[in-house]
Each structure stands twice: as structure tokens, then as C-alpha cells.
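As a plain string of letters, each chain reads:
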Amino acid sequence: MRDIIVRLLVIIGLYKPVVDLINRCKFEIQSRRMKKNGLKMLKEADQALDQIGVRAFLTYGVLLGAYREKTFISYDPDIDLGILNSEIPENMHEVMKNAGFQLYKQSFFKDSGQVFEETYIYEGIHLDMFYYFEEGDDLYSVIARNHEFKDWKEANVTDGFPCDRSYVPKTDFERREFLGLKIFMPVKTHEWLTDIYSDSYMTPVKNWNAKDYKTRIVKTGDRCYRKYCDVIVD
């Protein structure tokens, strides 16, 4: 039934508006959950990963909020953490599961099987884990985009999704104060935020879009796929 509805919406040109509406509703729900339990989730994730020697550092929206506003961005629906791919231990999924985190989604390259992003769920909140890879003097994470015109299910069994690389300078990480916690952040935070959001990152833009700014996002032509795990999502 779902596939029939999707095809009809595509034919009459309403697929994207309907998906956008659904995503806005999900966004609002997630934002409310973040305000209630976001800090608790961040603390639990940090403690779980720290016990196996993994430095999970703030990145993307949560790093921007920590640096610019000293708190979570009010409309942020999830938490973004980064991990160096070279530091990921084999038992990370088990450790996260024992800490109450359900593995929900993995994004990966089909040919190599390389996972570059994972999403966990903790008390209804999404934790996006980006894996950072080294390249020369830089680190990069991979950002998956929506398919050019297919719905995600069709894209996932055909040609996959376009994805870009987001580059930042290589740096060390240090624990800094954030809402009563000591959390890892990149030493070169200013440089990271400039490369991710442009040099105007100190000016709040609610509907920020990477396409609108001269960031260090590189289109490689790579395609990626998603794997969803068998978990219950509220």
C-alpha cells in the first residue's frame, strides 16, 4: 500500500511536499525531546564510549551550539558526535547497547562495506555518529543526501544516494565545559565551524543550507546506501 501511495504522489507531483510536511512534524517532536533529555543522552554516550577509550567529540549542530550559544541550539532535533574512524573498537555496538542506545540506521558504501555514519536512539532521541577519516592535513566526514528524484526505498535498492565529503583541518581534541559536562571538542573549533558553516557561523540562520555557503564540502560522485536495524521508533 505504501509503495502505491508513493508512486501516486510522485506522478501528481506531491511526493516532495508530503515528505517535507512529515519531516517537519518529526523535527518538532525531536526538538521537544532534545530539550527534555538531550543533555542526559550526551552524558550517557560520553561515559559509555570513554570506558572503551573512544574520544567522541561534538560536531556539526551541537558543536555550533556549544561554541556560539553555550547550549543546544533551540531548534536542533538531535545530537551529532564525531569519532575518528581509526579509533572505533569492535565492541562499540555492544557497549552502546548496554548503555541503553539502540542502533537504528547505518549509512555505508556498497562496494567496500565501509560504514561512515550511524544513528542510535536513546529514549526517543536520535544520536548521529559521524566517522571521520584522515586525508593529508585534513579530516573528512561523509554526508548522505536525498536521491535526486526517487523515494528512499527505491533509491536504496537501485543506485543509492549521492553523498559529499565535508572537510575540516586535522586537530587534537580536548574536554571543555558544556552545560555542566566536560565533553571533547576539536581544539580548532573556530576553523571547523568556519569550514562547515562559513565564516558567518556566529550569525544564527534557522534554515541554513550548505548549498548557500562556500563551505569545504566536496562532491565526489560517490553513492551510498542505508541499512535500518530492527528497533522500535516512537
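Shown above is the structure to which this text applies.
Below, the structure is looked at part by part. Throughout this description, residue numbers start from 1 for each chain and increase along the sequence as written. It should be noted that, the model being predicted, local features are given only for residues of pLDDT at least 70 and side-chain atom pairs only at 80 or more, the latter also being counted only at that level, while totals for whole chains, interfaces and linings use all residues. To get the side-chain values, take all heavy atoms of the structure and skip hydrogens and water.

## Looking at the pattern of salt bridges
When a carboxyl oxygen of Asp or Glu is within 4 Å of a side-chain nitrogen of Lys or Arg, the pair counts as a salt bridge. Applying the stated criterion across every chain yields a total of 17 salt bridges. Close ionic contact of R216 with D195 constitutes a salt bridge, the shortest N to O distance being 3.2 Å. Of this pair, R216 sits in the loop between helix 6 (189-197) and strand 10 (217-228) while D195 sits in helix 6, placing them 21 residues apart in sequence. Put simply, E148, K150, D159 and R223 are held in one network by salt bridges that share partners. A helix here means a DSSP run of H or I that spans at least four residues, while a strand means a run of E at least two residues long, and both kinds are numbered starting from the N terminus.

## Here's the deal with unusual backbone geometry
Positive phi outside glycine occurs at Y60, with the angle close to 50 degrees. Relative to the helices and strands, Y60 is located in helix 3 (residues 60-69). Whether a residue is buried, partly exposed or exposed follows from its accessible area with a 1.4 Å probe, protein chains only, as a fraction of its type maximum: under 20%, in between, or over 50%, in that order. Assessed through its relative accessible area of 8%, Y60 is described here as buried. You will see that K70, though not glycine, has its phi angle at about 60 degrees, which is positive. Here K70 is to be found in the loop between helix 3 and strand 2 (78-84).

## Considering the packing of aromatic side chains
Here is the rule: rings of Phe, Tyr and Trp (six-membered ring for Trp) pair when centre to centre is within 6.5 Å. Planes less than 30 degrees apart are stacked, more than 60 are edge-to-face, and the remainder are tilted. In the structure shown here, the tally under the stated rule is 16 aromatic pairs. Relative to F130, the ring of Y60 has its centre 4.8 Å away and its plane inclined at 55 degrees; by these criteria the two rings are tilted. Placement of Y60 in helix 3 and of F130 in strand 5 (residues 125-135) is noted, with a sequence separation of 70 residues between them. Since its relative accessible area comes to 8%, F130 is described here as buried. An aromatic cluster is present here, built from F57, Y132, F173 and W192 joined pairwise through their rings. Over the face of the ring belonging to Y67 we find K70, whose NZ or CZ atom lies 5.6 Å from the ring centre. Counting as a charge over the ring demands two things of the Lys NZ or Arg CZ atom: a distance within 6 Å of the ring centre and an angle within 35 degrees of the ring normal. Positioned over the ring face of Y225 is K110, at 5.3 Å from the centre of the ring.

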